Amino acid sequence: MAVVVIVFVIALIGGSFYMLDYSLAPDPNRLDTDSCYRQQFEKYPESKVWVDSLRSIDALRDTFLTMPTGERHHAFYVNRGSTRTALVIHGWRDCAIKFFWLARIYEHELGYNVVIPDLHGCGESEGDAIQMGRKDRLDALHWLKTFQTDTMVVHGVSMGAATTMMLSGEKMPDGIKDLRFVEDCGYTSVWDEFAGQLEEQFGLPPFPLMHATSLLCQLCYGWNFSEASALEQVRKCQYPMLFIHGSIDTFVPTAMVYPLYEAKPGTKALWIADGAEHALSYHEHKAEYISKLRAFCLDQ
């Protein structure tokens with residue numbers, strides 16, 4: 001019996017390290033910007049026209065900030081001299097370049113300045129592990145304060161949406177007259193998302209691997225899966241929020257958006273994009289996506 005227990009513990013520890021690395025290891029090709037641009041322009045040709053037009057007038061600027069943690073983070077910044085600024089937040093193992101399609105909407109269609117950061121451990125930002133929005137919310141807050149204008153929108157997709165929601169429950173900077181949040185296909189919590197993927201991809205129940213890996217994450221990175229809850233942060237949000245989710249999303253199941261929407265007090269709106277898989281609501285419904293953002297950000 002003792003041998004069985006020892007083998008089980010060793011397997012559990014090994015499985016926990018594997019799961020943590022599988023979930024939080026940065027993209028090994030994160031600095032291959034040529035590939036990122038190529039993928040972005042092939043999927044969203046309109047973003048190439050936008051980037052080329054900005055480059056022709058030297059308006060797409062690289063900027064770096066030192067975070068309170070001491071790490072150096074990168075973002076692209078487009079300043080069109082507006083009193084409106086959008087903070088666009090990318091998804092899991094992605095980078096700012098792959099979300100130029102969204103930045104283009106805010107700058108070109110809606111007239112905003114745009115800040116598009118690389119999150120911790122992504123793109124050109126320092127960091128040895130992805131943070132799933134938990135600590136990213138504080139980095140996003142730092143970007144928000146640095147580029148603060150009268151009117152601001154924070155818009156994230158997937159992990160970026162979870163970051164957006166986790167940020168929304170924090171104390172916001174004084175002086176922003178109009179602040180809104182848009183989350184597109186974000187998860188209720190890291191625990192819920194990882195438990196779902198553990199079952200979907202490996203056919204395993206949450207116990208005991210999720211519990212052990214969450215503890216390991218706490219020991220290694222200072223946060224655990226349970227506390228990384230967009231749902232709990234949304235409950236505290238006092239600003240307008242638009243919820244977007246594809247109707248056939250299985251990676252972050254569509255069902256997750258409903259408790260998030262119900263938990264949000266005050267002004268809110270919900271759009272389920274018919275026939276859209278994960279993070280593809282804009283790709284499948286471009287005109288309607290822009291229309292929804294225009295109505296939420298400008299027409300209210």
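Everything discussed here concerns the structure shown above.
All figures in this text were calculated on a predicted structure; none of them were measured in a lab.

A. Seen up close, the pairing of strand 1 (residues 61–66). When strand 1 meets strand 2 (residues 72–78), the two strands line up antiparallel, connected through six bridges. Bridging from a neighbouring strand, Leu65 pairs with His73 of strand 2. The turn joining strand 1 and strand 2, which pair antiparallel and follow one another in sequence, is formed by five residues; a positive phi near 95° is taken by Gly70.

B. Broad picture of unusual backbone geometry. Between Phe207 and Pro208 the backbone carries a cis peptide bond, its omega angle lying at 5°. With respect to the helices, strands and loops of the structure, Pro208 is situated in the loop between helix 7 (190–202) and helix 8 (209–221). For Met132, which is not a glycine, the phi torsion comes out positive at approximately 60°. Along the chain, the position of Met132 falls in the loop between strand 4 (113–117) and helix 5 (136–146). Classification of Met132 by relative accessible area gives buried; the value is 3%.

C. Representation of the pairing of strand 7 (residues 241–246) in the model. Most of strand 7 is tucked away: six of the six residues are buried. Along strand 7, one buried face is formed by Met241, Phe243 and His245 and the opposite face, lined by Leu242, Ile244 and Gly246, is buried too. Summarising the sheet, strand 6 (residues 178–184) and strand 7 pair through four bridges and their orientation is parallel. Paired with Glu183 across the bridge in strand 7 is Phe243. Note: strand 7 against strand 8 (residues 268–273), six bridges, orientation parallel. Among the inter-strand pairings, His245 is bridged to a residue of strand 8, identified as Ile272. Once the chain exits strand 7 it traverses helix 10 (residues 257–263) before rejoining the sheet at strand 8, and the crossover so formed is right-handed.

D. Highlighting the pattern of salt bridges. In this structure the tally under the stated criterion is 13 salt bridges. Two residues, Arg235 and Glu232, come together in a salt bridge whose shortest N-O distance is 3.2 Å. Residue Glu232 is classed as partly exposed on the basis of its relative accessible area, which comes to 44%. If you follow the salt bridges from partner to partner, you end up with Arg104, Glu109 and Arg294 in one network.

Criteria and thresholds
- Residues numbered from 1 in each chain as written.
- Predicted model: local features only at pLDDT ≥ 70, side-chain atom pairs only at ≥ 80, totals over all residues.
- Heavy atoms only, no water.
- Pairing = 2+ DSSP bridges.
- Helix = DSSP H or I, 4+ residues; strand = E, 2+ residues; numbered from the N terminus.
- Buried < 20%, exposed > 50% of the residue type's maximum accessible area, 1.4 Å probe, protein only.
- Right-handed = clockwise from strand over helix to strand, strands pointing away.
- Salt bridge = Lys/Arg side-chain N within 4 Å of Asp/Glu carboxyl O.

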